[in-house]
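Listed below, chain by chain, are the residues.
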Amino acid sequence: IIGWSLGENECIFLIAVVGLSVDYSVHLLHAYHHGSTDDRKGRTQHSLSEMGISVLNSAVTTLLAALILFFCGFYFFIQFGAFIFIVIALSIVMSITFLVPILVVAGPQGDQGFLPRCCFRGKSAA
């Protein structure tokens with residue numbers, strides 16, 4: 001996409017993209033799951049009030065750290081900084097502008113999405 005050929009550096013970056021790209025969404029979804037209300041709007045508000053600032057601060061500090069790598073003299077670090085910057089920027093934008101509205105409109109409410117007690121084999125379902 002940005003003129004990089006698939007080499008050793010890019011393969012390392014592709015391994016890292018799996019965790020980096022879902023990190024913010026997983027944190028927001030976890031907070032949504034543990035919301036104290038049963039309705040979508042209340043759970044979404046809980047998710048944003050509980051984890052929103054932490055997720056946003058994490059994204060900002062990671063973007064700033066990646067920005068510093070743009071000024072390195074070693075090509076690997078410049079490329080790695082660009083990769084981190086793009087992935088984190090897209091991840092936070094998609095988490096806030098795409099995931100949150102979907103949770104308000106179509107997120108699980110009440111007991112939807114909870115696994116049945118039989119899947120826990122002796123552990124508490126709550």
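Here, every reference points to the structure presented above.
Residues numbered from 1 in each chain as written. Predicted model: local features only at pLDDT ≥ 70, side-chain atom pairs only at ≥ 80, totals over all residues. Heavy atoms only, no water.

Caption draft 1: Local environment of the overall build of the protein chain. Looking only at helices and strands, one finds three helices and zero strands in the protein chain. Taken from N to C terminus, the helices and strands of the protein chain fall in the order α-α-α. Expressed as a percentage of the 126 residues in the protein chain, the buried residues total 25%. Here the contacts in the protein chain between residues at least 6 apart in sequence split such that 66% fall between residues at least 24 apart. Carbon and sulfur atoms provide 69% of the accessible area of the protein chain, an area that totals close to 8400 Å². (Helix = DSSP H or I, 4+ residues; strand = E, 2+ residues; numbered from the N terminus. Buried < 20%, exposed > 50% of the residue type's maximum accessible area, 1.4 Å probe, protein only. Contact = heavy atoms within 4.5 Å. Areas by Shrake-Rupley, 256 points an atom, 1.4 Å probe, with all protein chains shown as cover.)

Caption draft 2: Looking closely at helix α2 (residues 40-69). Look at α2: 40 Å from first C-alpha to last across 30 residues, which is about the 44 Å you get at 1.5 Å a residue. Met51 marks the point of greatest bend in α2, at about 50°. Considered for burial, the residues of α2 that qualify are Gly42, Arg43, Thr44, Ser47, Met51, Gly52, Val55, Ala59, Leu63 and Ala66. The secondary structure elements touched by the buried residues of α2 are α1 (8-33) and α3 (75-106). (Expected span 1.5 Å × (residues − 1). Bend = angle between axes of the 7 residues up to and from the residue.)

Caption draft 3: Seen up close, the packing of α1 against α2. Packing of α1 against α2 leaves a shortest axis separation of 8 Å and a crossing angle of 150°. Comparing their axes, α2 and α1 come out roughly antiparallel. Judged by the sense of rotation from one axis to the other, the crossing of α1 with α2 is right-handed. Classifying every residue of the contact of α1 with α2 gives eight nonpolar, eight polar and three charged. (Axes fitted to C-alpha atoms, helices over the stretch in contact; angles between N-to-C directions. Parallel < 35°, antiparallel > 145°, perpendicular 65-115°, else oblique. Left-handed = near helix turned anticlockwise from the far one by under 90°. Nonpolar A, V, L, I, M, F, W, Y, C, P; charged D, E, K, R; others polar.)

Caption draft 4: Molecular detail of a nonpolar patch on the surface. Taken together, Leu56, Val60, Leu64, Leu67, Phe70 and Phe71 make up a surface patch of nonpolar side chains, about 570 Å² in accessible area. Counting through the fold element by element, Phe71 comes out in the loop between α2 and α3. For Phe71, a relative accessible area of 72% translates into the label exposed. (Patch = residues over 30% accessible without salt bridge, like charges linked within 9 Å, V, L, I, M, F, W, Y side chains within 5 Å. Salt bridge = Lys/Arg side-chain N within 4 Å of Asp/Glu carboxyl O.)

Caption draft 5: Representation of the environment of Ile88 in the model. Positionally, Ile88 belongs in helix α3. Along the backbone, Ile88 and Val22 are 66 residues apart, and their C-alpha atoms lie at a distance of 9.6 Å. Leaving out residues up to four positions away in the same chain, Ile88 has contacts with Leu20, Tyr24, Ala59, Thr62 and Leu63.

Caption draft 6: Up close: the nonpolar core. Counting 18 residues, the largest nonpolar core has Tyr24, Leu28, Val55 and Ile88 as the members making the most contacts within it. Put simply, the parts of the chain that give this core at least two residues each are α1, α2 and α3. Ranked by the residues each element gives to this core, the list is headed by α3, at eight residues. Once residues within four sequence positions are removed from consideration, Leu28 is found in contact with Ser47, Leu48, Met51, Gly52, Val55, Ser95, Ile96, Leu99 and Val100. (Core = buried A, V, L, I, M, F, W, Y, C linked by side-chain atoms within 4.5 Å.)

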